[in-house]
Amino acid sequence: MKNIILATFLFIGIAVQAQSKKKFDKPTIVEASCGECKFGMKGKSCDLAIRIDGKSYFVDGTKIDEHGDAHAEDGFCNAIRKASVTGEIKGNRFIATSFTLIDDKK
């Protein structure tokens, strides 16, 4: 019985340590777009979101309109762009300390 309890605690400890990264101190390249229009997230209006490792998060710390017209041809409601970000995931939101669009035009 003691071995089962020990194995259970060991498994829980390993699982907690294996959680995905929550803090991004170094600039990280992510996909950025409108959460509702391009990432299929539920919301009330067009809001900035990022996608990290296939999971989408709404962004706090910057707004969708601070990065150009969201409804322009290359705006967030019509295109998925790349961005360099720092910050951390809290709950289901990304708290940005920096957010810089990467110009993909050649």
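Look a little higher up for the structure.
A. Examining the sheet that holds strand β5 (residues 93–101) more closely. As summarised here, the arrangement of the 5 strands in space is β1-β2-β3-β5-β4, forming a closed barrel in which the pairing is mixed. Averaged over all pairs of adjacent strands, the angle between strand axes in this sheet comes to 55°, irrespective of strand direction. Judged from the 4 bridges that link them, strand β1 (residues 23–34) and strand β2 (residues 48–52) form a sheet pairing that is antiparallel. Along β2, the bridge assignment pairs alanine 32 with isoleucine 50.

B. Quick look at the nonpolar core. The biggest cluster of nonpolar side chains holds 19 residues, and the ones touching the most others in it are Ile50, Ile52, Ile64, Phe76, Phe94 and Phe99. Here the element with the most residues in this core is β1; it accounts for 4 residues.

C. View of the environment of valine 85. With respect to the helices, strands and loops of the structure, valine 85 is situated in strand β4 (residues 81–90). Under the relative-accessibility criterion, valine 85 is labelled buried at 1%. Beyond its immediate sequence surroundings of up to four residues, valine 85 is in contact with Lys26, Pro27, Thr28, Val30, Phe94, Ser98 and Phe99.

D. Region of interest: unusual backbone geometry. The backbone of aspartate 53 sits at a positive phi, close to 50°, despite the residue not being glycine. Inspection of the secondary structure assignment puts aspartate 53 in the loop between β2 and β3 (55–60).

E. Summary view of a nonpolar patch on the surface. A cluster of nonpolar side chains, Met1, Ile4 and Ile5, forms an exposed patch at the surface whose accessible area comes to about 350 Å². Turning to its location among the elements, isoleucine 4 is positioned in helix α1 (residues 2–17). The exposure class of isoleucine 4 is exposed, given its relative accessible area of 54%.

Parameters at a glance
Residues numbered from 1 in each chain as written. Predicted model: local features only at pLDDT ≥ 70, side-chain atom pairs only at ≥ 80, totals over all residues. Heavy atoms only, no water. Pairing = 2+ DSSP bridges. Helix = DSSP H or I, 4+ residues; strand = E, 2+ residues; numbered from the N terminus. Axes fitted to C-alpha atoms, helices over the stretch in contact; angles between N-to-C directions. Core = buried A, V, L, I, M, F, W, Y, C linked by side-chain atoms within 4.5 Å. Buried < 20%, exposed > 50% of the residue type's maximum accessible area, 1.4 Å probe, protein only. Contact = heavy atoms within 4.5 Å. Patch = residues over 30% accessible without salt bridge, like charges linked within 9 Å, V, L, I, M, F, W, Y side chains within 5 Å. Areas by Shrake-Rupley, 256 points an atom, 1.4 Å probe, with all protein chains shown as cover. Salt bridge = Lys/Arg side-chain N within 4 Å of Asp/Glu carboxyl O.

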